[in-house]
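Here's the letter readout for the chains.
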Amino acid sequence: MPDIQKIQTNLTSGELDPTMRGRVDTGAYQNGLKQGLNVALLNTGGGSRRPGTKHISDFGGTPTRLIGFDYDETSRFLIALQDSVLKVLNRTTGAIITSLSGPWALSELRQITYSQLGDTLFMCHKNWMPRVLKRLTDTSWTLTTYAFETSTNVDHTYQPY
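For clarity, every value in this text was computed on a predicted model and none was experimentally measured. (Residues numbered from 1 in each chain as written. Predicted model: local features only at pLDDT ≥ 70, side-chain atom pairs only at ≥ 80, totals over all residues. Heavy atoms only, no water.)

The final tally for this structure, using the stated rule, is six aromatic pairs. Between the aromatic rings of F69 and W141, the centroid separation amounts to 5.0 Å while the plane-to-plane angle is 70°, which identifies the pairing as edge-to-face. In this pair, F69 sits in strand β5 (residues 65–70) while W141 sits in strand β12 (residues 140–145), placing the two residues 72 residues apart along the sequence. The same class applies to F69 and to W141, which are both buried. (Phe/Tyr/Trp six-rings, centres within 6.5 Å; stacked < 30°, edge-to-face > 60°. Helix = DSSP H or I, 4+ residues; strand = E, 2+ residues; numbered from the N terminus. Buried < 20%, exposed > 50% of the residue type's maximum accessible area, 1.4 Å probe, protein only.)

As C-alpha cells, then:
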C-alpha cells in the first residue's frame, strides 16, 4: 500500500503542545504543526522557510545583546547593548549610526526588558530608572531617563514599586 502524503496549507495554530496530539476534535489540531523547525509562519496561514542570517558587524568579542528596531519598511535598525554602551546600527550595512552611554552593567544585559512603540523604545531593569530611546531622525537618537508624573505640589512621584 502506498504512503499517503497530505498537504497542509493552514498553519494558523503554530506549533502545538505535545498534550494536543490526538485531539482531532479541535480546530487547533487541524491547523497546527507537530514541530516548526526553521519555519516562519505567515499571517495568511501558511508558512515559509526561515530566512538565513547575515553577518553585518563585528563587535570584537565584546558581549552584546541585539534588539531589532523597525520603525517602518525602510527604517530598520539594530540596537546593540554592551557594558554601559548602546549602539544604533543600520540593519542593512552594519554601520554604527550613533553610540550612547547607559546605566546598565554587563551582568544586566540579559535581564533588561524592553518594548517599542513607533519611534520609541522603553528599556527597564530593577537596578535603574527606566530609559527611553527615541529616534528623532534616521541619524539622530536620544537616550533619556523616563520622567514619571509628579503631584502639583511635587511631593509625590507617581511610579510603580
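Once you've had a look at it, read on.
Now for the nonpolar core. Counting 17 residues, the largest nonpolar core has I79, L81, L86, W104, M123, L133 and W141 as the members making the most contacts within it. Looking at this core, the elements with two or more residues in it are β5, β6 (76–82), β7 (85–90), β10 (120–125), β11 (128–137) and β12. Of all the elements, β6 adds the most residues to this core, at three residues. (Core = buried A, V, L, I, M, F, W, Y, C linked by side-chain atoms within 4.5 Å.)

Its location among the elements puts M20 in the loop between β1 (14–15) and α1 (27–30). For the pair formed by M20 and G32, sequence separation is twelve residues and the distance between their alpha carbons is 9.5 Å. When neighbours within four sequence positions are excluded, M20 is seen to be in contact with T26, A28 and Y29. (Contact = heavy atoms within 4.5 Å.)

What follows covers the pattern of salt bridges. All chains considered together, the criterion is met by five salt bridges. For the salt bridge of D70 with R76, the shortest nitrogen-to-oxygen distance reads 3.4 Å. Take D70: its relative accessible area is 35%, and that puts it in the partly exposed class. A residue is classified by how much of its surface remains accessible, and R76, at 38% relative accessible area, is partly exposed. Within this structure, D70, R76 and R91 form a network of salt bridges that share partners. (Salt bridge = Lys/Arg side-chain N within 4 Å of Asp/Glu carboxyl O.)

Another point: the sheet that holds β10. On the basis of which strands lie adjacent, the open sheet formed by four strands has the order β9-β10-β11-β12 and antiparallel pairing. Both edges of this open sheet fall to β9 (113–117) and β12, since each of them pairs with a single strand only. Between one strand and the next, the sheet's axes are offset by a mean angle of 15°, whatever the strand orientation. Sheet topology note: the β10/β11 ladder contains five bridges and is antiparallel. Bridge pairing in β11 links T120 to K134. (Pairing = 2+ DSSP bridges. Axes fitted to C-alpha atoms, helices over the stretch in contact; angles between N-to-C directions.)

Glancing now at the environment of T120. Mapped onto the elements of the fold, T120 is located in strand β10. On the basis of relative accessibility, which here comes to 9%, the residue T120 falls in the buried class. Between the C-alpha atoms of T120 and Y71, which are 49 residues apart in sequence, the distance is 8.9 Å. If sequence neighbours within four positions are ignored, T120 has contacts with F69, S115, V132, L133 and K134. Looking at T120, its side chain comes within polar contact range of the side chain of K134, at 3.3 Å. (Polar contact = N/O pair within 3.5 Å; in protein donor to acceptor, adjacent residues only side chain to side chain.)

Just distances and angles here, no functional claims.
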